Protein chains: 2
Amino acid sequence: MTPRQNRPTINQVAAAAGVTKSSVSRAFTRPEMLSPETVRKISAAAERLGYVPNHSARALSTGRHGNIALIVPDVANPFFPPLISAAQSEADRFDYCVFLGNSNEDPGQEDKLIGRFAGQVEGFVLVSSRLSDDQIVEHAARRPVVLINRDVKGIPRILIDSAAGVAEAVSHLATLGHRKLVYVGGPHGSWSNKQRRIAVRRAAKDHGLEVAVISNEFAAFESGRKITAAALATGATAAIAFDDLTAQGMLAELADMGVAVPADFAVVGCDDVLGAATYPPLTTVSNRSVEAGKAALNLLMEILQNNAIRDVRYVLDTNLVIRKTTGQVKAGKRSEAALGSDANRARN
Amino acid sequence: MTPRQNRPTINQVAAAAGVTKSSVSRAFTRPEMLSPETVRKISAAAERLGYVPNHSARALSTGRHGNIALIVPDVANPFFPPLISAAQSEADRFDYCVFLGNSNEDPGQEDKLIGRFAGQVEGFVLVSSRLSDDQIVEHAARRPVVLINRDVKGIPRILIDSAAGVAEAVSHLATLGHRKLVYVGGPHGSWSNKQRRIAVRRAAKDHGLEVAVISNEFAAFESGRKITAAALATGATAAIAFDDLTAQGMLAELADMGVAVPADFAVVGCDDVLGAATYPPLTTVSNRSVEAGKAALNLLMEILQNNAIRDVRYVLDTNLVIRKTTGQVKAGKRSEAALGSDANRARN
DNA sequence: CTGTTAGCGCCTTCAC
DNA sequence: GTGAAGGCGCTAACAG
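Model, not experiment: these values are computed from the prediction.

Reading the values: rules and limits
- Residues numbered from 1 in each chain as written.
- Chains lettered and ligands numbered in written order.
- Predicted model: local features only at pLDDT ≥ 70, side-chain atom pairs only at ≥ 80, totals over all residues.
- Heavy atoms only, no water.
- Salt bridge = Lys/Arg side-chain N within 4 Å of Asp/Glu carboxyl O.
- Helix = DSSP H or I, 4+ residues; strand = E, 2+ residues; numbered from the N terminus.
- Buried < 20%, exposed > 50% of the residue type's maximum accessible area, 1.4 Å probe, protein only.
- Core = buried A, V, L, I, M, F, W, Y, C linked by side-chain atoms within 4.5 Å.
- Contact = heavy atoms within 4.5 Å.
- Buried area = accessible area lost by both parts, 1.4 Å probe.
- Polar contact = N/O pair within 3.5 Å; in protein donor to acceptor, adjacent residues only side chain to side chain.
- Nonpolar A, V, L, I, M, F, W, Y, C, P; charged D, E, K, R; others polar.
- Pairing = 2+ DSSP bridges.
- Right-handed = clockwise from strand over helix to strand, strands pointing away.
- Phe/Tyr/Trp six-rings, centres within 6.5 Å; stacked < 30°, edge-to-face > 60°.
- Least-squares fit on C-alpha atoms with pLDDT ≥ 70 in both.
- Axes fitted to C-alpha atoms, helices over the stretch in contact; angles between N-to-C directions.
- Near = heavy atom within 4 Å.

Engineer: When you look at the pattern of salt bridges in this model, what are you seeing that I'm missing?
Structural biologist: It is possible for side chains of opposite charge to pair when their charged atoms get near one another. As enumerated under the stated definition, the model contains 34 salt bridges over all chains in all. Of the charged contacts, one joins Arg 116 of chain A and Asp 95 of chain B as a salt bridge, the two residues approaching to 3.1 Å between their closest N and O atoms. Here the residue Arg 116 of chain A occupies a position in helix α6 (residues 107–118), and Asp 95 of chain B occupies one in the loop between α5 (80–93) and β2 (97–102), the pair thus bridging two chains. Glu 253 of chain A is the salt-bridge partner of Arg 225 of chain A, the closest N and O atoms lying 3.0 Å from each other. In this pair, Arg 225 of chain A sits in helix α10 (residues 221–233) while Glu 253 of chain A sits in helix α11 (residues 244–257), placing the two residues 28 residues apart along the sequence. Judged by relative accessible area, Arg 225 of chain A falls into the buried class, the value being 15%. By relative accessible area, which is 14% here, Glu 253 of chain A ends up buried. Bridged by salt links that share partners, the residues Asp 92 and Asp 95 of chain A together with Lys 112 and Arg 116 of chain B form one connected network.

What follows is the structure, given as structure tokens:
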């Protein structure tokens, strides 16, 4: 058994309909140029033969492929799938197909993927790109590029401004009586991570809070667990994590350690990818990834239509979603924290 | 500012290298046919001009695109991303690009996507396809198709056999003293759902357990919450859920209801997509989605290479992963269950 | 080993 | 409103 490949061509349809291939072509691209009668005849013949225009031939002739590529650092990170899904749906509305690339957090891989896709797409959406600014600018010079969560001047970009939500989180923690907090960071190449770290520092300063920063290159549940001891060791009474996964890992580890949340230690996540599905339900910064995906695609479509890029910088705001992992600091905690770490004690 | 599109063609490279385009073409496809000297000359010229072969032209000429399409019912369901990622990585090894399609659980949409992709891919991987057998057979007649978690005779398929793991779960629950359990189902079109339901029934019979079945069309956290009351109302002391998301929702709802897990009610998930990230850590059936994605892609590649499909039916086995949501039935529970539902009492 | 010659299937001027 | 002809960029016989 061998897979068939022989699809009918424009010529066969033409013959069947008793016209030339020009007319068949027109019937599929600019029917208004033909008499309704002819169009009907051709459509019928095409239908009967199961004719579908050959994509490559059309692309070769027009230079347009009707494809775009979407590249993300890690498909399996729950932050991305909803974004991917949203982008996909939008692309669909415009009759575009989308290539998905998974860079696996590796700039080299990302670059390679872009190269592989370049020949058959109209443009790119790069999500949380790990490429250097220069590389991005270079690629953008060849094909339209829209960035999500990456701020490169001159390149159209959608930014989810977690700063606002993070600042709100800090303020919220201050109100609850926390005096020292720790920011548990994410990937180095991540624009969001940098933005969040800065936002925490700034807001903490505004509220007169102390802040420690520790780093956690690969953001995920397990690494969240692992970094928890270090977070406690800073003497902070609350943590703001780079993302929900990290926060969730911390929650699990804290539970194992017998540290009560939020009574003994507060945890705030970021991106709200878990919803209320953690235990306790996680206080976190809202998620705008669906809107971001949608906006990026619309922006790209607009660029492709007008064949001209504008230096758009579209910012999506966020806010704090308060659930159950933040609360009033316990009576003794405030001074205890001031004395330094009690992490080792908590451990036992 | 207008995006540039003028990429150098094979002719320009030929001119620059002082050869004909045939040689340039060969330098890129079968360099062993040329003298090393010529290849070097051509490579240099190509490099200098930044030449990259035009994908569409090549596809038009060869009939090969170097693309495959992967279609899933719901990108955002955590079961799929790891599979997608694995497939993507494998495709990469073979220098294939992958289109991602999101059918959104809708057969119509799935069909439409397949049509859209058909012209520019060598083959398809359909994951948990919602199409009818006939539709699948029809598509497979045009382009190679590999199925994951869908069992259609004659179509190469990878099946994750959750039956074994589910049976193990039932046996585990029987050992713990449960006498009645409830299967909380998933999407109607899902092969996995059917398989699991049957496995539960069969294993329950083997162990002399009573089993109720309730349905939950859209498997997710929220719907898991909603169905919990009904699950309790069956009088069962343990639930096996279609997937981890549903189980997680049930866990949250049970916590809110004040029903202790596993003391008052046991919960088993399926697919192990959450790892130990629930609270309590979820007992569940192991996940083979990464292997499935990898296997499907390798199978497709093999088919494309040999240009002949074999009727492969590759089954991936599963087992029970015991964590903390299953435990010994409480002393009084067994007889209580026998008397009927106490769900309404638990609710208050 | 390398050049010559036809297309691949479609779109698009240019005529009629 | 429709046909004829050329070309998009590349590959694949066929010669030499």
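Alright, that's what it looks like, and here's the rest.
Engineer: Can you help me understand the nonpolar core in this one?
Structural biologist: Here is a general trend for soluble globular proteins: nonpolar side chains tend to be buried in one another's company. With 59 residues, the main nonpolar core has Ile 84 and Ile 158 of chain A together with Ile 84 and Ile 158 of chain B as its most contacted residues. With nine residues, the top contributor of residues to this core is helix α12 (residues 289–306) of chain A. Residues in contact with Ile 84 of chain A, not counting those within four places in the same chain, are Leu 70, Val 72, Val 75 and Leu 100 of chain A together with Val 75 and Leu 100 of chain B. Ala 140 of chain A together with Ile 114, Val 145 and Ile 155 of chain B belong to the second-largest nonpolar core, a separate cluster that totals 36 residues.

Engineer: Help me understand the interface of chain A and chain B in this model?
Structural biologist: It is common to give the size of an interface as the accessible area that goes away when the parts come together. The interface is formed by 50 residues belonging to chain A together with 50 residues belonging to chain B. Carbon and sulfur atoms supply 55% of the area buried between chain A and chain B, which totals about 4,400 Å² over both sides. Taken together, the links from chain A to chain B amount to six salt bridges. Close ionic contact of Asp 92 of chain A with Arg 116 of chain B constitutes a salt bridge, the shortest N to O distance being 3.6 Å. Between the two partners, chain A and chain B, sit 16 residue pairs in polar contact (both at pLDDT 80 or more). For the side of chain A that touches chain B, the class distribution of residues is 26 nonpolar, 16 polar and eight charged.

Engineer: Explain the pairing of strand β4 (residues 145–148) of chain A to me, please; I cannot follow it from the model alone.
Structural biologist: All names here are of chain A. Alternating positions in β4 separate into two faces, Val 145 and Leu 147 on one and Val 146 and Ile 148 on the other, with burial throughout. Across four bridges, the pairing between strand β3 (residues 123–127) and β4 is parallel. The residue of β4 that forms the bridge with Val 127 is Ile 148. In the classification by handedness, the crossover that spans β3, the intervening helix α7 (residues 133–142) and the parallel β4 is right-handed. Note: β4 against strand β5 (residues 157–161), two bridges, orientation parallel. Bridge pairing links Leu 147 to Arg 157 in β5.

Engineer: When you look at the packing of aromatic side chains in this model, what are you seeing that I'm missing?
Structural biologist: Aromatic rings considered in pairs are described by the distance between their centres and by the relative angle of their planes. This structure, assessed with the given rule, holds eight aromatic pairs over all chains. Between Phe 99 of chain A and Phe 117 of chain A the ring centres are 5.1 Å apart and the planes differ by 25°, which places this aromatic pair in the stacked class. Of this pair, Phe 99 of chain A sits in strand β2 (residues 97–102) while Phe 117 of chain A sits in helix α6, placing them 18 residues apart in sequence. Classification of Phe 117 of chain A by relative accessible area gives buried; the value is 1%. Three or more aromatic residues joined by ring pairs make a cluster, and in this case those are Phe 99 and Phe 117 of chain A together with Phe 99 and Phe 117 of chain B.

Engineer: Looking at this model, I keep getting lost on the relation of the copies chain A and chain B. Mind explaining?
Structural biologist: What connects the two chain copies is a rotation about an axis and a shift along it. Note on the identical chains: chain A maps onto chain B by a rotation of 180° and an axial translation of 0.0 Å, with an RMSD of 0.1 Å. On this basis, the relationship between the two copies can be described by a two-fold rotation axis. Comparing interface residues between copies, 100% of those in chain A also lie at the interface in chain B; the contact surface is shared.

Engineer: Whenever I open this one, the sheet that holds strand β8 (residues 238–241) of chain B confuses me. Can you help?
Structural biologist: Two strands in a sheet stick together by hydrogen bonds in their backbones, pointing the same way (parallel) or opposite ways (antiparallel). All names here are of chain B. With respect to topology, four strands assemble into an open sheet ordered β7-β6-β8-β9, the strand pairing being parallel. The two strands at the open ends of the sheet, each matched to only one other strand, are β7 (210–214) and β9 (266–268). Each adjacent strand pair in this sheet contributes to an overall mean axis angle of 20°, direction not counted. Relative to β9, β8 runs parallel, the two being bridged by three bridges. Among the inter-strand pairings, Ile 240 is bridged to a residue of β9, identified as Val 268.

Engineer: Sorry if this is basic, but what is going on with the protein's contact with DNA strand D here?
Structural biologist: Taken together, 27 residues lie around DNA strand D, and Thr 38 of chain A together with Ile 10, Lys 21, Tyr 51 and Arg 58 of chain B are the ones closest in. A breakdown of the atoms of DNA strand D within 4 Å of the protein gives sugar and phosphate a share of 61%. Note that a base nitrogen of DNA strand D is positioned 2.9 Å from one of the side-chain N or O atoms of Arg 26 of chain B. Tyr 51 of chain B is positioned such that a nitrogen or oxygen atom in its side chain is 2.5 Å from a phosphate oxygen of DNA strand D.

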